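Per-entry structural report
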Amino acid sequence: MTDGSTAFSLVVARALETADFSIRHLAPGDHRKLYNLVRVTMSTIAPVDSFYIAFLRDEHMLVIPYVYDGHEHEHAGFQAYGPDGLTAWIKKNARAYRYASDQGRLLHKGHTFGDHDRLSSDAVVVPLLESVDGGQRVAGLASILTYQPDAYGDEVVRAFEWLARRTMRALAREREDAHEMAGFADRGERTSLTHGSVPGVVEMVSHALGSMKEKITSVVDGPSDDVESTDRVLRDLLEQCERLQTDIAELLLMPTTEGGDLLITLTPREREIAGLIADGLTNEQIATRLVISEKTTKTHVTRILKKFGVRQRSAVAAKLRPF
């Protein structure tokens, strides 16, 4: 296996090929397994004491659907980030951060998790890039950390970048499939029980809780001496809870059902700009980000407001953000 013009060693190539096969056969929507697969694959290549995947929601918030601290999963959720931290650096530079570049100074300025009594001795943080209008932009970041110094060489970094690209391709394909399915029915005939609607959220959580209740009842009403069966049910419950935590956290990244319908009416460039408006960017900031004139940006914004049937930029964000 090669990455550009540089080949991976046999051990790393096999790990990545196995990961690629698994990613191709994951059930659509099971992001918890996808993120877990990335972590486990990197753990076969190098020591990984902590790991996380996070996505940018706007100019100030990170949604973190998956966090692992070396022996257990931490709660998925979100956190704010500032203009001078690691997230902002990744967003600005769109390239991997390596602990060795500044001996962890930028890394240690940010949020800590895992063993709070020790600082990581090596780390790699890679951008999660999505394709937009012929180019790419940073949609999030993924990180591996270890208490072992000098653990992440060039090949480890390249392998992590490869997995990040593979992960984003899988997510992009899933969105494309969902977009095609959305076109099967007219807007007025679509069901309200979609993942980005309030009824859809209630349905998803209710279904998950109902399934958990059934499993708990089977333990409560089952034989008290069946230790093996009880252990199996509890492990299933643990996995289901972790998957639900990831799904709920990722709801912060999704447009509402109405917003999804409205996005279909926009051109690719308008969809990109609508997302930046929802992130709170000004026309000047959007123009700088997309390397276009402020006049062109203003024209796009005017068209977006008209198609959305609103007058204020804040209304665009309200229609695109579910919560």
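It should be noted that the structure appears before, not after, this text.
We now turn to the structure provided with this report.

About the criteria used
Residues numbered from 1 in each chain as written. Predicted model: local features only at pLDDT ≥ 70, side-chain atom pairs only at ≥ 80, totals over all residues. Heavy atoms only, no water. Axes fitted to C-alpha atoms, helices over the stretch in contact; angles between N-to-C directions. Helix = DSSP H or I, 4+ residues; strand = E, 2+ residues; numbered from the N terminus. Parallel < 35°, antiparallel > 145°, perpendicular 65-115°, else oblique. Left-handed = near helix turned anticlockwise from the far one by under 90°. Contact = heavy atoms within 4.5 Å. Buried < 20%, exposed > 50% of the residue type's maximum accessible area, 1.4 Å probe, protein only. Arc of directions from axis to C-beta. Pairing = 2+ DSSP bridges. Polar contact = N/O pair within 3.5 Å; in protein donor to acceptor, adjacent residues only side chain to side chain. Expected span 1.5 Å × (residues − 1). Salt bridge = Lys/Arg side-chain N within 4 Å of Asp/Glu carboxyl O.

1. A short note on the packing of helix H10 (residues 283-290) against helix H11 (residues 294-308)
- Running from N to C, H10 and H11 cross one another at 115°; their axes reach a closest spacing of 9 Å. Here H10 lies roughly perpendicular to H11, going by the angle between them. Where H10 crosses over H11, the two elements pack in a sense that is right-handed. Within the contact between the two elements, H10 uses Asn283, Glu284, Ile286 and Ala287 and H11 uses Glu294, Thr297, Lys298 and Val301.

2. Some points on H10
- When H10 is considered as a whole, its buried residues turn out to be Asn283, Ile286, Ala287 and Leu290. Down the axis of H10, the sector holding all buried residues measures 100°, keeping them to one side. Exposed residues on H10 whose side chains face more than 90 degrees from its buried face are Glu284 and Thr288.
- The inward-facing, buried residues of H10 contact helix H9 (268-278), H11 and helix H12 (313-320).
- Looking one or two residues beyond H10, the residue adopting positive phi is Val291, at roughly 55°.

3. Details of the sheet that holds strand E6 (residues 97-98)
- Strand order in the open sheet made by the six strands is E5-E4-E3-E8-E7-E6, with antiparallel pairing throughout. Every interior strand has two partners, whereas the edge strands, strand E5 (77-80) and E6, have only one.
- Running over the sheet, helix H3 (residues 86-93) touches strand E3 (50-56), strand E4 (61-68), E6, strand E7 (122-132) and strand E8 (135-146) and is turned about 140° from E8.
- Its contacts with the sheet put helix H7 (residues 227-250) on E3, E4 and E5, and the angle it makes with E4 is roughly 170°.

4. Focus on unusual backbone geometry
- Backbone geometry at Gln103 places phi at a positive 55°, although glycine is not the residue there.
- Inspection of the secondary structure puts Gln103 in the loop between E6 and helix H4 (105-108).
- Residue Val291 is not a glycine yet carries a positive backbone phi of 55°.
- Along the polypeptide, Val291 turns up in the loop between H10 and H11.
- By relative accessible area, Val291 is classed as exposed at 72%.

5. Notes on the packing of H11 against H12
- Put simply, H11 and H12 touch, their axes get as near as 10 Å, and they point 55° apart. In terms of axis orientation, H11 runs oblique to H12. The handedness of the crossing between H11 and H12 is left-handed. For the pair formed by H11 and H12, the contact residues are Val301, Ile304, Leu305 and Phe308 on the first element and Arg313, Val316, Lys319 and Leu320 on the second.

6. A closer look at the side chain of Glu130
- Looking at the secondary structure, you find Glu130 in strand E7.
- Within polar-contact distance, the side chain of Glu130 engages the side chain of Arg137 at 2.8 Å.
- Discounting residues that sit within four places of it in the chain, Glu130 has contacts with Gly135, Gln136, Arg137, Ala139, Met168 and Arg175.

7. Considerations on helix H2 (residues 31-45)
- The end-to-end C-alpha distance of H2, which contains 15 residues, comes to 22 Å, matching closely the 21 Å that a straight helix rising 1.5 Å per residue would cover.
- Among the residues of H2, those classed as buried are His31, Arg32, Leu34, Tyr35, Leu37, Val38, Arg39, Thr41, Met42 and Ile45.

8. What to know about the pattern of salt bridges
- With the rule as written, the count across this model stands at eight salt bridges.
- The partner of Arg166 in a salt bridge is Asp20, with the nearest N and O atoms 2.5 Å apart. Placement of Arg166 in helix H5 (residues 154-182) and of Asp20 in helix H1 (residues 10-24) is noted, with a sequence separation of 146 residues between them.
- Relative accessible area serves as the criterion here: at 2%, Arg166 is assigned to the buried category.
- Since its relative accessible area comes to 15%, Asp20 is described here as buried.
- One salt bridge connects Glu270 with Lys307, and the closest N-O pair in it is separated by 2.8 Å. With a gap of 37 residues between them, Glu270 in helix H9 and Lys307 in helix H11 connect regions that are remote in the sequence.
- Overall, Glu270 belongs to the buried group, its relative accessible area being 3%.

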